[in-house]
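# Secondary and tertiary structure notes
Next come the chains, spelled out residue by residue.
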Amino acid sequence: MIPFSGILLFIILSLAANANADPYVIYKVPKQPVPFRIRDLMKRMTLEEKVGQMVQIERATATPEIMKEFSIGSVLRDPDLVKRIGAATALEVRATATAKHFVGDGGTVDGINANNTIIVWHGLLKFHMPGYFSSIVEGVSSIMISYSSLNGVKMHANKPLITDYLKNRFMFEDGIDFITTPADANYTYSMQASIGAGIDMLFIDTIGLVEKNVIPISRINDAVRRILRVKFCMGLFENPLADYSLVGERGSQAHRDLAREAVRKSLVLLKNGDNGDPPVLQLPKKGQRILVAGTHVDNLVKCLAGIL
């Protein structure tokens, strides 16, 4: 398994590969304004390198060869690190915080995952938007879009909310094939709709669709510009590796206690019958064995809602 720090270093080095012979490379100068550095680097990038910055792959498949050949922009991190929250995460890894899942995924009909949320605009602002407002104020660098729908419109294709509201109105700078029914029915449309709506980072490349003019190069440039801005502001080009002086914080008892507290306060306990109501499931109180069946029963990732 390649260490995450090594993979991250390959991401940065792959971008710098074509600039080594230049005596003065603006994007490598920390004192230059970030917009100048972004503009300079983007002028040096090929279409393949730009599309690579928009791709996020799983850590298990991220080898130095793949990172370099495809100029991969992001890697899904170690599940052990993903479990850390808040300030603990900031201490343990060099990564951007992500607010998710935008927006309304906690209010779907019947509470079904990736279902439809039906709500008026003022209700959306009151109940589902406040967390994103505060996250942006606190400096969150990325926002993940929900697989759910809002009033019948798939969030991954919701340009009015993603681009017009989140990006343009709030000046936010920072898995798509569930748009169609059934899923996988039209992957080209899913890519076109999601990128057109404002999604900047995907799990697959888009070179073929750009070359066929399905996705305009202007949208690619906009996405890459936002991705590079986050990386420059984080200082990844100057310091791509983690700060090892904080290695003792990783997995500390205080952080474990925080994680347990978060679990306790977020768990929902369902009672089999309450307030004198008869139990829904006729289970013996002293039963020794209970059969649990279904497609998720022996799949840890699905049981944890896919967060691994």
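The structure this text deals with has already been given above.
Keep in mind the model is a prediction, meaning the values are calculated, not measured.

## Some words on the packing of helix α7 (residues 121-128) against helix α8 (residues 130-137)
Packed helices, taken two at a time, are described by the angle between their axes plus the distance between the axes. At a minimum axis distance of 5 Å, the contact between α7 and α8 shows a crossing angle of 55°. Compared by their axis directions, α7 and α8 come out oblique. When α7 is examined against α8, the residues L125, K126, F127 and H128 are found in contact with a partner set consisting of P130, Y132 and F133. Taken together, the residues of the contact of α7 with α8 break down into five nonpolar, one polar and one charged.

## Some points on the pattern of salt bridges
Enumeration over the complete set of coordinates arrives at eight salt bridges. Note that R219 is salt-bridged to D200, the shortest N-O span being 2.6 Å. Of this pair, R219 sits in helix α12 (residues 217-234) while D200 sits in the loop between α10 (187-197) and α11 (207-211), and the two are 19 residues apart along the sequence. Both residues of the pair, R219 and D200, count as buried.

## Let's talk about the environment of I72
Locating I72 in the fold gives a position in the loop between α4 (64-70) and β2 (74-76). Residue classification places I72 among the buried positions, given a relative accessible area of 4%.

## Structural notes on the packing of aromatic side chains
Under the counting rule described, the total for this entry stands at four aromatic pairs. An angle of 85° between the planes, with centres 5.1 Å apart, marks the rings of F102 and Y132 as edge-to-face. With F102 in strand β3 (residues 98-102) and Y132 in helix α8, this residue pair connects regions lying 30 residues apart in the sequence. The exposure class assigned to Y132 is buried, which follows from its relative accessible area of 8%. A network of ring pairs unites the aromatic residues Y27, F232 and F237 as a single cluster.

The rules behind these values
- Residues numbered from 1 in each chain as written.
- Predicted model: local features only at pLDDT ≥ 70, side-chain atom pairs only at ≥ 80, totals over all residues.
- Heavy atoms only, no water.
- Axes fitted to C-alpha atoms, helices over the stretch in contact; angles between N-to-C directions.
- Helix = DSSP H or I, 4+ residues; strand = E, 2+ residues; numbered from the N terminus.
- Parallel < 35°, antiparallel > 145°, perpendicular 65-115°, else oblique.
- Contact = heavy atoms within 4.5 Å.
- Nonpolar A, V, L, I, M, F, W, Y, C, P; charged D, E, K, R; others polar.
- Salt bridge = Lys/Arg side-chain N within 4 Å of Asp/Glu carboxyl O.
- Buried < 20%, exposed > 50% of the residue type's maximum accessible area, 1.4 Å probe, protein only.
- Phe/Tyr/Trp six-rings, centres within 6.5 Å; stacked < 30°, edge-to-face > 60°.

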